[in-house]
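Close look at the chain arrangement
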Amino acid sequence: MRLLHTSDWHLGRSFHRVGLLEAQAAFLDHLVATVHAHRVDAVLVAGDVYDRAVPPLPAVELFDAALHRLAEAGVPTVMISGNHDSARRLGVGAGLIERAGIHLRTDPAGIGTPVVLTDEHGDVALYGLPYLEPALVREQLGAAKGGHEAVLAAAMDRVRADLADRPAGTRSVVLAHAFVAGGAPSDSERDITVGGVAAVPAGVFDGVDYVALGHLHGSQTLTPRVRYSGSPLAYSFSEADHRKTMWLVDLGPSGPDGAITGAERLDCPVPRPLARIRGRLDDLLADPALAPHEQSWVEATLTDPARPAEPMARLTERFPHTLNLVFDPERTEDGPDASYAQRLRDRSDQQIAEDFVAHVRGGEGLDGPERAVLYGAFDDVRVDSAEREVGR
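Residues numbered from 1 in each chain as written. Predicted model: local features only at pLDDT ≥ 70, side-chain atom pairs only at ≥ 80, totals over all residues. Heavy atoms only, no water.

As recorded in an unreviewed UniProt entry, the chain goes by Nuclease SbcCD subunit D and comes from Streptomyces narbonensis. Here the chain is described in UniProt, under the heading Subunit (unreviewed entry), as follows: "Heterodimer of SbcC and SbcD." (UniProt positions renumbered as here; feature names shortened; annotations may be inferred.)

Below is the structure:
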């Protein structure tokens, strides 16, 4: 059985105020063409179909058209909700849509009920684990008090229990939307940290043949059985070096080493390459080595000791698609330390808050109980936001 694994479409998202709907439509054209060209047996979409809970109408229309085309192709599609999606909205009409071969898995109650497909080697059970916000699903799943690892472990217990009742040789696939340890994040993913802990171990998914992950935007292999497809488009300049792809995964018969017989990365269309350039403004405008980036989307970091006049206007004369301008002046020995923005870069909200407390205390950081209170406050804010979305 041949599976096409993709995720994190983020329909409706823009890139530094540049609309990406046309590029997203081109990707979905490519997806459907790939399904036909490679004789795909099932499409797996591992969450974050939309970029926000209430997507703009053009994004909804694009999604609707994609579903119609996949249904017309006669290729089953299994799709889960991610942390950017509204699970309730995405799941509207799921029962009816399922008759067309589009299987939306947005309700945690259905985790242990797979979509079952069959080939010459027998059954393949595909389990959809939508994004699981621990505080909202812990009680429903019977998980011990804890974060993502606890609720995912409880969800996987349901998967393994169902699988144990199926005929010997049944192969298994899990779709999940989570931050799994060993994965490399980028700047464009929304933080899902709970209690100061974001990542869960890959071992939580033991016992299945393939895990199709979503959430992280870079394509990566954590183990031969556990992979991220990544997003089909770049959504931040931190993804400038990403190769945007989908996974084409082949399942053979069940065996002691699993059922995967092949996994190939298939490239996605690139609407415009990304480039990060750095240096003094005059040097950037004159450097012939930068000629290949003149039609790229550009993030320019200027290192001039003093901010030059009209830097964006001058940059766009050579690099007309410059979208982001960063100032990082060269420092003298007696100059100030790194800028405020630099000090905050790559730090979570919790870490920034801890730094602030240490600063106002003259260097004394948080103790264990204080840190737990702080993390609990951040968790409460995030959960409150999720609960209000569910109730809308």
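**Structural notes on the overall build of the chain**
A count of helices and strands for the chain gives 11 helices and 17 strands. Per-residue burial for the chain yields a buried fraction of 48% across its 392 residues. Considering only residue pairs separated by 6 or more positions, the chain has 68% of its internal contacts joining residues 24 or more positions apart. As displayed, the chain has an accessible area near 18,400 Å², and 51% of this comes from carbon and sulfur atoms. (Helix = DSSP H or I, 4+ residues; strand = E, 2+ residues; numbered from the N terminus. Buried < 20%, exposed > 50% of the residue type's maximum accessible area, 1.4 Å probe, protein only. Contact = heavy atoms within 4.5 Å. Areas by Shrake-Rupley, 256 points an atom, 1.4 Å probe, with all protein chains shown as cover.)

**Considering the pairing of strand β16 (residues 297-302)**
Within a regular strand, side chains alternate between the sheet's two faces. Burial analysis of β16 places six of its six residues in the buried class, which makes it a mostly covered element. Along β16, one buried face is formed by Trp-297, Glu-299 and Thr-301 and the opposite face, lined by Val-298, Ala-300 and Leu-302, is buried too. One ladder, built from six bridges, connects strand β15 (residues 274-279) with β16; its direction is parallel. Directly across from Ala-275, in β16, lies its bridge partner Val-298. Read as a crossover between parallel neighbours, the route from β15 over helix α7 (residues 281-286) to β16 is right-handed. As judged from the five bridges shared by β16 and strand β17 (residues 322-327), these two strands associate in the parallel manner. Paired with Val-298 across the two strands is Thr-322, which belongs to β17. Regarding the hand of the β-α-β motif, the stretch spanning β16, helix α8 (residues 311-318) and β17 is right-handed. (Pairing = 2+ DSSP bridges. Right-handed = clockwise from strand over helix to strand, strands pointing away.)

**Topic: unusual backbone geometry**
With glycine set apart, most residues show a phi of negative sign, and most peptide bonds adopt trans. Even without a glycine there, the phi angle at His-16 is positive, about 50°. Residue classification places His-16 among the partly exposed residues on the basis of a relative accessible area of 28%. Phi angles above zero are rare outside glycine, and Glu-310 is one such case at about 45°.

**What to know about the packing of helix α5 (residues 134-141) against helix α6 (residues 148-164)**
Packing of α5 against α6 brings their axes to within 10 Å, and their N-to-C directions diverge by 35°. For the pair α5 and α6, the crossing hand works out as left-handed. Of the residues in α6, those in contact with Pro-134, Val-137, Arg-138, Gln-140 and Leu-141 of α5 are His-148, Val-151, Ala-154, Ala-155 and Arg-158. Taken together, the residues of the contact of α5 with α6 break down into six nonpolar, two polar and two charged. (Axes fitted to C-alpha atoms, helices over the stretch in contact; angles between N-to-C directions. Left-handed = near helix turned anticlockwise from the far one by under 90°. Nonpolar A, V, L, I, M, F, W, Y, C, P; charged D, E, K, R; others polar.)

**Let's talk about α8**
Residues Pro-311, Leu-315 and Arg-318 constitute the buried set of α8. Along the axis of α8, the buried positions cluster into a sector of 60°, meaning they face one direction only. (Arc of directions from axis to C-beta.)

**Concerning the nonpolar core**
Counting residues in each nonpolar core, the largest one holds 32 residues, and the members touching the most others are Leu-129, Val-174 and Phe-205. In this view, Leu-129 contacts Ile-80, Ile-111, Leu-152, Ala-155, Met-156, Val-159, Val-174, Leu-175, Ala-176 and His-177; residues no more than four positions away in its chain are not counted. Counting residues in each nonpolar core, the second largest holds 29 residues, with Leu-11, Leu-28, Val-43 and Ile-102 among its members. (Core = buried A, V, L, I, M, F, W, Y, C linked by side-chain atoms within 4.5 Å.)

**Overview of the sheet that holds β17**
On the basis of which strands lie adjacent, the open sheet formed by three strands has the order β15-β16-β17 and parallel pairing. If you trace the sheet from one side to the other, it starts and ends with β15 and β17, each paired once. Each adjacent strand pair in this sheet contributes to an overall mean axis angle of 15°, direction not counted. Contacts from α8 reach β16 and β17 within the one sheet, and its direction differs from that of β17 by about 135°.

**A short note on the packing of aromatic side chains**
Going through the model one piece at a time under the given rule, you end up with four aromatic pairs. Summarising the aromatic geometry, the rings of Phe-15 and Trp-297 are spaced 5.4 Å apart at their centres and angled 35° between planes, so their arrangement reads as tilted. On the criterion of sequence distance, the pair formed by Phe-15 in strand β2 (residues 14-15) and Trp-297 in strand β16 is long-range, its members being 282 residues apart. With a relative accessible area of 0%, Phe-15 lands in the buried category. Residue class for Trp-297 comes out buried when judged on its relative accessible area of 10%. Their ring planes at 65° and their centres at 5.4 Å tell us that Tyr-50 and Phe-63 sit as a pair that is edge-to-face. Of this pair, Tyr-50 sits in the loop between β4 (42-46) and α2 (57-73) while Phe-63 sits in helix α2, placing them 13 residues apart in sequence. One aromatic cluster in this structure is built from Phe-15, Phe-237 and Trp-297. Taking the ring centre of Trp-247 as reference, the NZ or CZ of Arg-227 above it sits at 4.4 Å. Across the ring face of Phe-327, the terminal group of Arg-307 is positioned such that the distance to the ring centre comes to 3.7 Å. (Phe/Tyr/Trp six-rings, centres within 6.5 Å; stacked < 30°, edge-to-face > 60°. Lys NZ or Arg CZ within 6 Å of the ring centre and 35° of its normal.)

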